[in-house]
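A look at the structure
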Amino acid sequence: MVEDLGHHGDAEVRDAVIRHDFAVNVRVKGPPRWLRDRLTAGIETLAAYPDPREATEAVAERHGRTPDEVLLTSGAAEAFVLLARVLTPRRALVVHPQFTEPEAALRAAGHPVERHILTGDFTLDPARVPAEADLVMICNPTNPTSVLHPAAAIERLHDKGRTIVVDEAFMDAIPGETETLAGHPDVVVIRSLTKTWGLAGLRIGYVLGPAPLISTLRAAQPLWSVSTLGLIAAQATSEPEALVEAEALAKQDDQDRDHLLARLAELPGLTVPAVSRAPFVLVRASNAAELRAGLRAEGFAVRRGDTFPGLGPDWLRLAVRDRTATDLLVDRWQQLTATPWSGPG
């Protein structure tokens, strides 16, 4: 099977009247008012070229790093591309199922990619990762499985001459960020600010890692890659008040996810094989493609799973939403299950 590595959740909401979006993992409908005010004020400074120093220092302080261990990027996607361009792995390995951009970036840069496919409950056994792999890329918590791997398990992958890259785009959705490796001096961590703060259109993320690698990445990065407004967002969301708000949102997401899981348990023929910890849930249903089409026709978007290596056509990913939205989804799902959708017309 050849997966479409370029397919992402936003494609599910195009070319249709979607009233309830469970496909895109952006956690809020837009940035909070205080952040909008900071961004609006920043418009007055757009005549000047972006200067990343203050934002870099803020992100470094937030994670207990030095500024030379931080590179701000145009979203996490740019970070994957930069790493693929500067690293020279002999044997690159991506742990799947996971977000497909790391593999896509490696392949675009000309690197052969080996896949380590997790099955069952999708938990990582470090002992099963080939010792010869000198670059290992893993997502934690993992998109789309919603599994949160123990930091200790990922640390066991660390070995002399091996680069470990951890995509922590959703780590701030975990109360306390309990399994983060953002402070590990030898692990490369990628973060995204677009999910928690409703900034997908602004494109802002960053890389944490050893200073020599960060310097190499910075040299490969286009000039002024991160906009002034992106820098404002990075600085603002690293401040203590913002971290308190992010923690509260993470705790609310936990409650909303528990409600989603409870309602999904009412649906016949559907399973949730993994322990879900992220703001989305991976489900398996024998008629997933039919359900997705039927829900789409009713204005509900869910994420197909067959574009993730290691999954197939019977998988769907559902973003966590508030209880009202979840109830609407599951109620309509139950109706479709009782009376299968027969297609348009």
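Conventions adopted
Residues take numbers from 1 onward in each chain, read along the sequence in its written order. Where local features are concerned, this predicted model is filtered to residues with pLDDT of at least 70; where side-chain atom pairs are given and counted, the filter is 80 or more; whole-chain, interface and lining totals use all residues. Heavy atoms throughout the structure, all of them, feed into the side-chain values; hydrogens and water do not. Secondary structure is summarised from DSSP: a helix means a run of H or I of at least four residues, a strand means a run of E of at least two, and numbering begins at the N terminus for each. Only protein chains enter the calculation, and the probe is 1.4 Å; a residue is then buried if its accessible area is under 20% of its type maximum, exposed if over 50%, and partly exposed in between. Polar contacts, as used here, are pairs of N or O atoms within 3.5 Å; protein pairs need one atom able to donate a hydrogen and one able to accept it. Residues neighboring in sequence count only if both atoms are side-chain atoms. The contact rule is simple, with two residues in contact once any of their heavy atoms fall within 4.5 Å. A carboxyl oxygen of Asp or Glu within 4 Å of a side-chain nitrogen of Lys or Arg is what we treat as a salt bridge. Should DSSP find at least two bridges between two strands, the strands are regarded as paired. To get an axis, fit a line to the C-alpha atoms, keeping to the stretch in contact for a helix; angles then go from 0 to 180 degrees between the N-to-C directions. Each Phe, Tyr or Trp ring, with Trp reduced to its six-membered ring, pairs with another whose centre is within 6.5 Å; inter-plane angles below 30 degrees give stacked pairs, above 60 give edge-to-face pairs, and intermediate values give tilted ones. Placement of a charge over a ring requires the Lys NZ or Arg CZ to be within 6 Å of the ring centre, with the centre-to-atom vector within 35 degrees of the ring normal. By this rule, a helix spans an expected 1.5 Å times one less than how many residues it contains.

**Considering the side chain of T142**
Relative to the assigned elements, T142 resides in the loop between β5 (135-139) and α5 (151-155). For T142, a relative accessible area of 4% puts it in the buried group. Here the side chain of T142 touches C139 through a polar contact of 2.6 Å, landing on its backbone oxygen. Ignoring any residue separated from it by four or fewer positions in sequence, one finds T142 in contact with P97, Q98, V147, H149 and F280.

**Here's the deal with the pattern of salt bridges**
Scanning all chains against the criterion turns up 22 salt bridges. Put simply, E298 and R332 hold a salt bridge, and the shortest N to O gap is 3.1 Å. Of this pair, E298 sits in the loop between α10 (288-297) and β11 (300-304) while R332 sits in helix α11 (residues 323-338), placing them 34 residues apart in sequence. Residue classification places E298 among the partly exposed residues on the basis of a relative accessible area of 28%. When its relative accessible area of 18% is taken as the criterion, R332 is described as buried.

**A short note on the sheet that holds strand β8 (residues 205-208)**
Within the open sheet, the 7 strands sit side by side as β2-β8-β7-β6-β5-β3-β4. Their pairing is mixed. Strand pairing shows two members of the sheet lacking a second neighbour, β2 (70-73) and β4 (113-117), which therefore form its edges. Pairwise comparison of adjacent strand axes, ignoring direction, gives a mean angle of 20° for this sheet. Direction of pairing for strand β6 (residues 163-167) relative to strand β7 (residues 188-192): parallel, over a ladder of 3 bridges. Bridged to D167 within β7 is I190.

**A closer look at the pairing of β2**
Both faces of β2 are covered, namely the face carrying V70 and L72 and the face carrying L71 and T73. Pairing of β2 with β8 involves 4 bridges; the strand directions are antiparallel. The residue bridging L71 from the neighbouring strand is V207, located in β8.

**What to know about the packing of aromatic side chains**
What the rule picks out here adds up to 5 aromatic pairs. Pairing Y49 with W224 gives two aromatic rings, centres 4.4 Å apart and planes at 35°, and the pair type is tilted. Of this pair, Y49 sits in the loop between α1 (33-42) and α2 (53-63) while W224 sits in the loop between α7 (211-220) and α8 (228-236), and the two are 175 residues apart along the sequence. The exposure class of Y49 is exposed, given its relative accessible area of 61%. When the centroid spacing of 6.0 Å and the interplanar angle of 50° are considered together, the rings of F80 and F99 count as tilted. Placement of F80 in helix α3 (residues 75-86) and of F99 in the loop between β3 (92-96) and α4 (101-108) is noted, with a sequence separation of 19 residues between them. Judged by its relative accessible area of 2%, F80 falls in the buried class. Note that R317 overlies the ring of F280, its terminal NZ or CZ placed 5.9 Å from the centroid.

**Section: α3**
The first and last C-alpha atoms of α3 sit 18 Å apart over 12 residues, in line with the 16 Å expected at 1.5 Å per residue. Along α3, the positions that sit buried rather than exposed are G75, A76, E78, A79, F80, L82, L83 and A84.

**Quick look at the sheet that holds strand β9 (residues 270-271)**
Overall, mixed pairing links the 5 strands, which are arranged β1-β11-β12-β10-β9 in an open sheet. Each end of this open sheet is capped by a strand with a single partner; those strands are β1 (20-22) and β9. Across 3 bridges, β1 lies against β11 in parallel orientation. Along β11, the bridge assignment pairs D21 with A301. α10 contacts β10 (280-285), β11 and β12 (315-319) of the sheet and is inclined by roughly 150° relative to β11.

**Observations concerning the environment of R65**
Looking at the element boundaries, R65 is found in the loop between α2 and β2. Note on R65: relative accessible area 8%, which makes it buried. Excluding residues that lie within four positions of it along the chain, R65 makes contacts with A60, V70, A182, G183, H184, P185, L208, G209 and P210. One polar contact links R65 to E69, side chain to side chain, over a distance of 3.3 Å. Polar side-chain contacts of R65 include one of 3.4 Å to the backbone oxygen of H184.

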